[in-house]
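One-letter residues, chain by chain:
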Amino acid sequence: MSTLAPLRLLREPSNASEGNHSNATVGAGSGWCQGLDIPNELFLALGLVSLVENLLVVAAILKNRNLHSPTYYFICCLAVSDMLVSISNLAEMLFMLLLEHGVLVMRPSIIRHMDSVIDMLICSSVVSSLSFLGVIAVDRYITIFYALRYHSIMTLQRAVVTMASVWLASTVSSAVLITYYRSNTILLCLIGFFLFMLVLMLVLYIHMFALARHHLHSISSQQKPPTAHRGGSLKGAVTLTILLGVFFICWGPFFFHLILIVTCPTNPFCTCFFSYFNLFLILIICNSVIDPLIYAFRSQELRRTLREVVTCSW
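No experiment lies behind these values; they were computed from the predicted model shown. (Residues numbered from 1 in each chain as written. Predicted model: local features only at pLDDT ≥ 70, side-chain atom pairs only at ≥ 80, totals over all residues. Heavy atoms only, no water.)

### As for the overall build of the chain
Reasoning step 1: Counting secondary structure elements, the chain contains twelve helices and zero strands.
Reasoning step 2: Its helices and strands taken in sequence order, the chain reads α-α-α-α-α-α-α-α-α-α-α-α from the N to the C terminus.
Reasoning step 3: When burial is assessed residue by residue, the chain has 45% of its 314 residues classed as buried.
Reasoning step 4: In the structure as shown, the chain presents an accessible area of about 15,700 Å², 67% of it carried by carbon and sulfur atoms. (Helix = DSSP H or I, 4+ residues; strand = E, 2+ residues; numbered from the N terminus. Buried < 20%, exposed > 50% of the residue type's maximum accessible area, 1.4 Å probe, protein only. Areas by Shrake-Rupley, 256 points an atom, 1.4 Å probe, with all protein chains shown as cover.)

And the structure:
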């Protein structure tokens, strides 16, 4: 059974023939080039966990009026992006199971259309997740360095425009990716977008950590207790760094996979790396599972509201 349809299209380069693939695998050593046989039940279980977690995050933000701010709206959009990963995974699993067991009988043309819809969902989630992580980082940066002007800089209107722009760009780019997924130019654009977001967040985090370190040094030298703002600065920087680290670990192997497709599609060692594609997919789904846990345990207000949502205290 297949999993994560649009990403599966990028399992191996289109210009690598079966013969080249076999020879390369043997040449690099068959011991570690066999890849991993990951059961479909694991994909299904992770998808269900991610779906429930992100639904709780969205419900908590909608329930608590104290969380009705641009920062939490961006977090809510990121949770929706993670939900798209889960929904597309679960929908494809269910769709394939019904087809394989003869419960669902459909014409090939309809199957292709439904597969395209699933492709759109997952591709949109890839771009939107990247984008909203960058938006959240910028929002936190403004909160720390322009605290007194934050509400005039990040107005609700600008937040809505930002969110709408991200979703529109994600939808358009996913359609282009599905149509031209075999083009190296499209892959380079996707890789470039990932690297741009990674560098942007790294620069912002380093600057925020520098500020937090300066504050802690000043507090230590003056022997004063930390203020709420300074404590919040450090906590915000740590939270964003955790998010960046989780994102890099979960998404890095997949984008490195894309880089190898463009740079060395027939190299034996690159081909061996391609054989671990299912592991990269598992890491992607794990990212959507881990993100809500970070929000729940790092935000006291969100954690309290999550408990109310779970206990149905509306």
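Let us keep going from here.
### Considering the UniProt feature "transmembrane region" (unreviewed entry) in the chain
Reasoning step 1: The UniProt entry lists residues 42–62, 74–97, 117–138, 159–179, 185–212, 233–261 and 273–297 under the feature "transmembrane region" (unreviewed entry), expressed in the numbering used here.
Reasoning step 2: Measuring from the first to the last C-alpha atom of residues 117–138 gives 31 Å, for a span that is 100% helix and 0% strand. (UniProt positions renumbered as here; feature names shortened; annotations may be inferred.)

### As for the packing of helix 3 (residues 40–63) against helix 4 (residues 70–100)
Reasoning step 1: Closest axis-to-axis distance for the helix 3/helix 4 pair is 8 Å, and the angle between their directions is 150°. Relative to helix 4, helix 3 is oriented roughly antiparallel. Handedness of the crossing formed by helix 3 with helix 4: left-handed. Of the residues in helix 4, those in contact with Asn40, Phe43, Leu44, Gly47, Leu48, Ser50, Leu51, Asn54, Leu55, Val57, Val58 and Ile61 of helix 3 are Tyr72, Ile75, Cys76, Ala79, Val80, Asp82, Met83, Ser86, Ile87, Asn89, Leu90 and Met93. (Axes fitted to C-alpha atoms, helices over the stretch in contact; angles between N-to-C directions. Parallel < 35°, antiparallel > 145°, perpendicular 65-115°, else oblique. Left-handed = near helix turned anticlockwise from the far one by under 90°. Contact = heavy atoms within 4.5 Å.)

### Topic: the state of the cysteines
Reasoning step 1: Under the definition given, this model contains one disulfide.
Reasoning step 2: One disulfide bridge connects Cys264 with Cys270, the sulfur atoms lying 1.8 Å from each other. In this structure the cystine formed by Cys264 and Cys270 twists about its S-S bond by roughly -85°; its chirality is therefore left-handed. One exposure class covers both Cys264 and Cys270, and it is buried. (Disulfide = S-S within 2.5 Å.)

### As for helix 7 (residues 156–179)
Reasoning step 1: Taking 1.5 Å as the rise per residue, helix 7 with 24 residues should run 34 Å; its terminal C-alpha atoms sit 35 Å apart, in good agreement.
Reasoning step 2: Along helix 7, the residues that are buried comprise Ala159, Met163, Val166, Ser170, Ser174, Leu177 and Ile178. (Expected span 1.5 Å × (residues − 1).)

### Observations concerning the packing of aromatic side chains
Reasoning step 1: Taken as a whole and judged by the stated rule, the model has nine aromatic pairs.
Reasoning step 2: Aromatic side chains Phe132 and Trp167 sit 5.4 Å apart centroid to centroid with 55° between the ring planes, which places their arrangement in the tilted category. Residue Phe132 is located in helix 5 (residues 108–145), and its partner Trp167 is located in helix 7; the two are separated by 35 residues in the primary sequence.
Reasoning step 3: Residue Phe132 is classed as buried on the basis of its relative accessible area of 0%.
Reasoning step 4: Given a relative accessible area of 24%, Trp167 falls into the partly exposed group. (Phe/Tyr/Trp six-rings, centres within 6.5 Å; stacked < 30°, edge-to-face > 60°.)

### Side note on the pattern of salt bridges
Once the charged atoms of two side chains with opposite charge are near each other, the side chains can pair.
Reasoning step 1: Taken as a whole and assessed by the stated rule, the structure comprises three salt bridges.
Reasoning step 2: Between Arg304 and Glu301 there is a salt bridge; the shortest N-O distance is 2.7 Å. Here Glu301 and Arg304 lie together in helix 12 (residues 300–310), a separation of three residues that amounts to about one turn.
Reasoning step 3: For Arg304, a relative accessible area of 34% corresponds to the partly exposed category.
Reasoning step 4: Residue classification places Glu301 among the partly exposed residues on the basis of a relative accessible area of 25%.
Reasoning step 5: The closest approach of N and O atoms between Glu308 and Arg304, which form a salt bridge, is 2.6 Å. Pair noted here: Glu308 and Arg304 are both in helix 12, with a separation of four residues, about one helical turn.
Reasoning step 6: On the accessibility criterion, Glu308 (22% relative accessible area) is partly exposed.
Reasoning step 7: Each of the salt bridges in this network shares a partner with another, and the network as a whole consists of Lys63, Glu301, Arg304 and Glu308. (Salt bridge = Lys/Arg side-chain N within 4 Å of Asp/Glu carboxyl O.)

### Quick notes on the confidence of the model for the chain
Reasoning step 1: Looking at the chain as a whole, its pLDDT mean stands at 77, while 77% of the residues score no less than 70.
Reasoning step 2: Across residues 1–6, confidence stays below pLDDT 50; counting only partners more than four residues off in sequence or on other chains, it has 29 contacts. (pLDDT = per-residue confidence, 0-100.)

### Description of helix 4
Reasoning step 1: Spanning 31 residues, helix 4 covers 45 Å between terminal C-alpha atoms, matching the ideal 45 Å at 1.5 Å per step.
Reasoning step 2: Count one or two residues on from helix 4 and you reach Gly102, which has phi positive near 75°.

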